[in-house]
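Structure assessment
What follows is each chain in one-letter form.
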Amino acid sequence: MTPMLELKNINASYDFLQVLWGVSLNVDKGELVALIGPNGAGKSTTLRTIIGLISPKSGEVLFNGKIINNMPVYQISRMGISYVSEKLNLFTAMSVQENLILGAFAIRDKEKQLATLAYIFELFPRLEERKNQLAGTMSGGERKMLAIARGMMSMPQLMLVDEPSLGLQPNLTRNVFDALLQLRDRGVTILLVEQNVNATLNFTDRAYILEQGKTVMSGPSKEIKANKHVRNAYMGI
Ligand SMILES: Nc1ncnc2c1ncn2[C@@H]1O[C@H](COP(=O)(O)OP(=O)(O)OP(=O)(O)O)[C@@H](O)[C@H]1O
Ligand SMILES: [Mg+2]
């Protein structure tokens, strides 16, 4: 079976600083896969390379078997990949509902947009309750939810989510992780970058460990969680 997403030997740099060194990974349809690693390892750079914000120096990114690393961001988004950056990039002076509608830019049909909105509100009832509230006045956890929900508005096949738990207290983190699990259960494939290693390995299917721009380990999350190096380096055990 062709993986939904495949990175083959990606080398990527910012100007003269090489950050990714031969990164290879794949995500199958329906999987929830974690990408874990220390600060500066290149996790966000990996996601930016997939969505087309960075062109790799060499290597290939394939989506459903098609090479996409030569395409602009909007085209990659239209193909069915959405990217929820750690910066969220919400329009703070616009309402929750307006932010969501903006996420559906790839869907031109108004009726389809509204149907998607209804689906999103069913998944995130809290957002429906607050649909007229300005995004900038939502709490930290609500804003994360909104960013993830907006990423869903284009009905992507694959979501790239960067550190959704950043700055959240544990119970809100759980809510965000639950939302991701729900999306996975509804058939959305997810590549998730997380610092919250212990919790992440509990609910993801597989994981990759990225260190200094190289994938040093991968496997089922349960096995990765039992690994001695991972326990020492990431869980302080
Ligand atoms: N726009 C940029 N210009 C130059 N260097 C950059 C840029 N963005 C990131 N880097 C560098 O690339 C390396 C990898 O950064 P990246 O953001 O991918 O790491 P990360 O694994 O996501 O880290 P974190 O856990 O802190 O988010 C770092 O050394 C960083 O300083
Ligand atoms: Mg990052």
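Throughout what follows, the structure given in this document is the object of discussion. Predicted, not measured: the structure shown is a model, and the values here were computed from it. (Residues numbered from 1 in each chain as written. Chains lettered and ligands numbered in written order. Predicted model: local features only at pLDDT ≥ 70, side-chain atom pairs only at ≥ 80, totals over all residues.)

1. Brief notes about the nonpolar core
Basically, it comes down to this: Structurally, a nonpolar core is described as a collection of buried Ala, Val, Leu, Ile, Met, Phe, Trp, Tyr and Cys residues joined by way of C-beta atoms within 7 Å. Buried means a residue has 20 or more other C-beta atoms within 10 Å of its own C-beta, exposed means 12 or fewer, and partly exposed covers the counts in between; C-beta atoms are placed from the backbone. Residues are scored as being in contact if the C-beta atoms we place from backbone atoms lie within 7 Å.
Membership of the largest hydrophobic core comes to 64 residues, with the highest contact counts inside it found for Ala149, Leu160, Val161, Ile190 and Leu192. Look past the residues within four positions of Leu192 in its chain and what remains in contact with it is Leu32, Val33, Ala34, Leu35, Val161, Leu180, Thr200 and Thr204.

2. Describing the pairing of strand β9 (residues 206-211)
Put simply, the rule reads: Secondary structure elements follow DSSP: runs of H or I no shorter than four residues count as helices, runs of E no shorter than two count as strands, and numbering proceeds from the N terminus. When DSSP finds two or more bridges between two strands, those strands count as paired.
For β9, a buried count of five out of six residues is recorded, marking the element as mostly surrounded by other parts of the structure. Alignment of β9 against strand β10 (residues 214-220), held across six bridges, turns out to be antiparallel. Looking across to β10, one finds that Tyr208 is bridged to Ser218. What sits between the antiparallel neighbours β9 and β10 is a turn of two residues, in which Gln212 has the positive phi angle 45°.

3. Here we look at the packing of helix α6 (residues 140-152) against helix α7 (residues 170-185)
Short version of the rule: For helices, the fitted axis covers only the stretch in contact; all axes are lines through C-alpha atoms, and the angles between them, taken along N-to-C directions, range from 0 to 180 degrees. These descriptions rest on fixed angle ranges, namely under 35 degrees for roughly parallel, over 145 for roughly antiparallel, 65 to 115 for roughly perpendicular, and the rest for oblique. A crossing counts as left-handed when the near helix is turned anticlockwise from the far one by less than a right angle, and as right-handed when that turn is clockwise. Three residue categories are used. Nonpolar comprises Ala, Val, Leu, Ile, Met, Phe, Trp, Tyr, Cys and Pro, charged comprises Asp, Glu, Lys and Arg, and polar comprises the others, including Gly.
For the pair α6 and α7, the least separation of the axes is 9 Å and the interaxial angle reads 15°. Taken together, the axes of α6 and α7 lie roughly parallel to each other. Relative to α7, α6 is oriented so that their crossing is right-handed. Across the interface between the two elements, Gly141, Lys144, Met145, Ile148 and Met152 from α6 touch Leu172, Asn175, Val176, Ala179 and Leu183 from α7. Residue classes in the contact of α6 with α7 are distributed as seven nonpolar, two polar and one charged.

4. Comments concerning the site of ligand 1
Put simply, the rule is: For each residue, a C-beta atom is placed from the backbone, and the residue counts as near a molecule or strand when that atom lies within 6 Å of it.
The environment of ligand 1 is made up of Tyr14, Leu17, Val19, Gly37, Asn39, Gly40, Ala41, Gly42, Lys43, Ser44 and Thr45. Counting only elements with at least two residues in the shell around ligand 1, the list comes to β2 (17-27) and α1 (43-51). Element by element, the count of residues in the shell around ligand 1 is highest for α1, at three residues. Its residues placed into classes, the shell around ligand 1 shows four nonpolar, six polar and one charged.

5. Let's talk about α1
Of all nine residues that make up α1, seven are buried, and the element is covered over most of its length. Positive phi shows up at Gly52, right after α1, with a value of about 100°.

6. Section: the sheet that holds strand β7 (residues 158-162)
With respect to topology, six strands assemble into an open sheet ordered β6-β7-β8-β3-β9-β10, the strand pairing being mixed. Edge positions in the sheet fall to β6 (81-84) and β10, since each of these pairs with one other strand and no more. Adjacent strand axes in the sheet meet at a mean angle of 15°, parallel and antiparallel pairs treated alike. Across the sheet, α1 is in contact with β3 (32-36), β6, β7, β8 (189-194) and β9; its angle to β7 comes to roughly 150°. Docked against the sheet, α6 engages β6 and β7, running at close to 165° with respect to β6.

That is the geometry; function is a separate question.
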